[in-house]
Amino acid sequence: MTAPLRLGTRGSALAMAQSGQIAEALTAATGREVELVEVVTAGDRSSAPVHRLGVGVFVSALRDALTARTIDFAVHSYKDLPTVAAPGLHIAAVPPRQDPRDALVAKGGRTLAELPPGALVGTGALRRIAQLHALGMQLEVTPIRGNVDTRLGRVLGPDADLDAVVLARAGLARLGRTDVITETLDPMLMLPAPAQGALAVECRIDDPDLVELLAVLDHAPSRAAVTAERALLATLEAGCTAPVAAYGELAEGDAGEEIYLRGAVISPDGTRDLRLSRTGTPADAAEIGKALAAELLELGADSILGQEGHAGPGTQQFGSTE
């Protein structure tokens with residue numbers, strides 16, 4: 001009998017859930033059995049704020065395991081991946097993307113507009129913190145860490161100390177917790193992180209049979225949208241603490257399918273908020289992202305990024321989906 005494929009995953013509830021879903025989808029599509037192999041990452045061992053942990057903290061241990069051949073493939077939250085490809089590794093599939101929008105979970109079922117001035121809102125991403133400040137609602141925004149249950153407990157638990165938290169909707173959906181969402185935030189208010197809601201299925205380039213097998217999971221529209229968003233991110237060369245947002249949507253245009261890409265660079269205090277959009281064909285996804293980034297840079301995005309430190313290309317780390 002063919003041995004089960006070894007799928008490397010972080011051990012958090014969310015990582016195990018999304019890896020389990022990929023394993024089930026692959027078995028259903030190909031008949032190959034898959035076993036999950038837990039890999040502990042540097043990010044899992046630290047309690048420091050996500051944006052201060054450095055590059056690839058949720059990724060490098062999984063990639064090391066791939067290189068060492070202790071696992072056959074890995075599933076990442078795509079937004080955790082640095083924009084420069086890892087030598088010898090290949091993104092074999094981008095499965096259908098979950099809803100990439102952010103979600104609010106607030107006491108009393110409140111929406112964002114119903115939060116009073118001074119309300120204490122927690123989130124793990126500077127991108128969200130910056131956009132919340134940019135709304136001018138006089139909210140008190142604080143960075144938080146922890147898995148989904150830990151964050152929800154800060155609002156819904158017996159020792160709740162926050163009025164609301166903002167998380168990725170995709171993580172709540174994969175855990176079956178969308179019932180706690182009090183508002184799914186319009187991208188006009190809260191533009192998602194590049195590749196939010198998307199997964200990356202990664203294996204070794206020198207395993208062509210597995211590359212071909214995993215390709216059955218690939219979803220071309222999701223890959224095109226993520227390619228555009230991450231091309232914007234790479235061209236901006238944003239540092240690990242820079243609040244950068246991007247959201248690509250595919251729709252039917254006059255001449256066929258097209259990508260509508262929105263991008264933003266926001267100062268941490270919300271006082272500078274640059275937002276632009278651009279359209280093009282899915283085949284030109286990377287070029288759309290590069291061009292939109294160039295326009296943002298012409299408007300002064302580099303001066304906002306410079307406030308947070310300019311870490312150079314391929315060094316983005318926006319934190320776990322959780």
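Here is a short report on the structure shown in this document. (Residues numbered from 1 in each chain as written. Predicted model: local features only at pLDDT ≥ 70, side-chain atom pairs only at ≥ 80, totals over all residues. Heavy atoms only, no water.)

With respect to the helices, strands and loops of the structure, R101 is situated in the loop between β4 (89-93) and β5 (102-106). Residue R101 is classed as partly exposed on the basis of its relative accessible area of 28%. C-alpha of R101 to C-alpha of M190: the two residues are 89 residues apart in sequence and 7.8 Å apart in space. Residues within four places of R101 in sequence aside, it is in contact with A168, R169, T184, L185, P187, P192 and Q196. Engagement of the side chain of R101 in a polar contact is seen with the side chain of D99, the distance being 2.7 Å. (Helix = DSSP H or I, 4+ residues; strand = E, 2+ residues; numbered from the N terminus. Buried < 20%, exposed > 50% of the residue type's maximum accessible area, 1.4 Å probe, protein only. Contact = heavy atoms within 4.5 Å. Polar contact = N/O pair within 3.5 Å; in protein donor to acceptor, adjacent residues only side chain to side chain.)

Turning our attention to the pairing of strand β7 (residues 140-143). Note that strand β6 (residues 120-123) and β7 share 4 bridges and pair parallel. Looking at the pairing, V121 lines up with V141 of β7. In terms of handedness, the path from β6 via helix α4 (residues 126-134) over to β7 forms a crossover that is right-handed. (Pairing = 2+ DSSP bridges. Right-handed = clockwise from strand over helix to strand, strands pointing away.)

Attention now moves to the pattern of salt bridges. Scanning all chains against the criterion turns up 15 salt bridges. Ionic pairing is found between D102 and R127, a salt bridge with its closest N-O pair at 2.9 Å. Of this pair, D102 sits in strand β5 while R127 sits in helix α4, placing them 25 residues apart in sequence. Accessibility expressed as a relative area gives 2% for R127, which makes it buried. For the salt bridge of R154 with D161, the shortest nitrogen-to-oxygen distance reads 2.7 Å. Among the residues examined, R154 registers a relative accessible area of 26% and is labelled partly exposed. Classification of D161 by relative accessible area gives partly exposed; the value is 41%. (Salt bridge = Lys/Arg side-chain N within 4 Å of Asp/Glu carboxyl O.)

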